[in-house]
Amino acid sequence: MFRCIMVGLDGSSESRAAAEWAAREAKLRDLPLRLVHVWAPVPEPMAQAPLLGTETLQHWSERIPREAADGVRSRHPGVDVTVVQLNGLPGDVLVDVARDAELLVLGSRGLSGIGGFMVGSVGQAVIARTEAPVVLVRSGEQAADEHAMDPAGIPSAATRFGPVLLGLDTHSPDDTVVAFAFEEAARRDASLRVLHAWNPPPYTIYGLSDHASLYDELAREQAADLTEALRPWRQKYPAVEVIEASRAGSAADQLVSSSRYASLVVVGRRIRRSRFGVHIGPVAHAVLHHAVAPVAVVAHA
């Protein structure tokens, strides 16, 4: 595999935000950046027909990635930036090129009025079908958004990164997902907040004394399970500050709520091969649509 960061580029504001995020990530990883522009094939007369003035669709499609690459190079000196132009359906092409990437980055429109993403059909299809980690970046995302406020309360990219947020199922933790989150926290010199959500038995809602004591016992057991699951990872990454949070309730709701303080949210997606199609999973799907921080979806067996 040719190690690089790839970003899908179509000239939109969301894809430009994704390219900026990908450039910052490429610098953190010391990897080259590839801007992938997919041009859906059209009949030759349409490609050569003028759009505005004398510019044709073909010239316009060639200008988008060229100007984007020039801008990324000027803002991120030292990052090796190249452009790859391919013909085909964007969803199929991006899944294909992701096989050669260490990370694929896509943009998404923000939902006005509430934080979160509007994940289009192409983005959902790529996330569900590729086995490479995919990061979704909201339109308008800035470097300062991923950092803590400066002492004056002003957003700044010069301060420390916000924590990386990992959603973890202690019953089936996957090493690929956990390792990805620890590596991202280590690269950013950021803390890693690990959130484990669990569902209490229905009868504890009545608040009877015996049920209340059982609830407390379950909470202690769940917290202990989380600590035990993270023990080997703490030993492997002693420099990463780990903050554990074991809470009763919906995993999706808690991850979305905590995302406002995170520089990156990491969730897993189980690889399922079915004749009925591919699926992202309910927690990852909810986080992708409502988290306010960039979201990394890591596929695992």
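Residues numbered from 1 in each chain as written. Predicted model: local features only at pLDDT ≥ 70, side-chain atom pairs only at ≥ 80, totals over all residues. Heavy atoms only, no water.

## Details of the overall build of the protein chain
Step number 1: When helices and strands are counted, the protein chain shows nine helices and 13 strands.
Step number 2: When the 301 residues of the protein chain are sorted by exposure, 46% land in the buried category.
Step number 3: Within the protein chain, contacts between residues at least 6 apart in sequence are counted, and of these 75% link residues at least 24 apart. (Helix = DSSP H or I, 4+ residues; strand = E, 2+ residues; numbered from the N terminus. Buried < 20%, exposed > 50% of the residue type's maximum accessible area, 1.4 Å probe, protein only. Contact = heavy atoms within 4.5 Å.)

## Remarks on the confidence of the model for the protein chain
Step number 1: Chain-level pLDDT for the protein chain is 85 on average; 82% of the residues reach the 70-or-more range.
Step number 2: Contacts for the low-pLDDT stretch residues 51-56, under 50 throughout, to residues beyond four places or in other chains number eleven contacts.
Step number 3: Confidence drops under a pLDDT of 50 for residues 110-118, and excluding neighbours within four residues, the segment shows 32 contacts in the predicted structure. (pLDDT = per-residue confidence, 0-100.)

## What to know about the pairing of strand 9 (residues 164-167)
Step number 1: Note that strand 9 and strand 10 (residues 192-198) share four bridges and pair parallel. The residue of strand 10 that forms the bridge with L165 is R193.
Step number 2: In this fold, strand 9 hands off to helix 6 (residues 175-188), which returns the chain to strand 10; that crossover is right-handed.
Step number 3: In this structure, strand 9 lies alongside strand 12 (residues 264-270), joined through three bridges in parallel fashion. Paired with L165 across the two strands is V265, which belongs to strand 12. (Pairing = 2+ DSSP bridges. Right-handed = clockwise from strand over helix to strand, strands pointing away.)

## A few points about the nonpolar core
Step number 1: In terms of nonpolar packing, the biggest core is built from 44 residues, with L33, L35, V105, F182, L192 and V266 touching the most fellow members.
Step number 2: Every residue in contact with L33, bar those within four places of it in the chain, is listed here: I5, V7, A19, A22, A23, A26, V72, V79, D80, V81 and T82.
Step number 3: Counting residues in hydrophobic clusters, the runner-up holds 33 residues, among them L106, L195, I280 and A293. (Core = buried A, V, L, I, M, F, W, Y, C linked by side-chain atoms within 4.5 Å.)

## Describing the pattern of salt bridges
Where charged atoms of side chains with opposite charge meet at close range, the side chains can pair.
Step number 1: Inspection of every chain in the model, using the stated rule, returns 16 salt bridges.
Step number 2: When the shortest N-O distance is used, the salt bridge between R138 and E141 registers 4.0 Å. Accessibility classification places R138 together with E141 in one group, the buried group.
Step number 3: Put simply, E217 and R220 hold a salt bridge, and the shortest N to O gap is 2.8 Å. Separated by three residues within a single helix, E217 and R220 lie in helix 7 (residues 209-236), roughly one turn from each other.
Step number 4: Through salt bridges with shared partners, one network takes in R3, E25, R29, E102, E184, R187 and R188. (Salt bridge = Lys/Arg side-chain N within 4 Å of Asp/Glu carboxyl O.)

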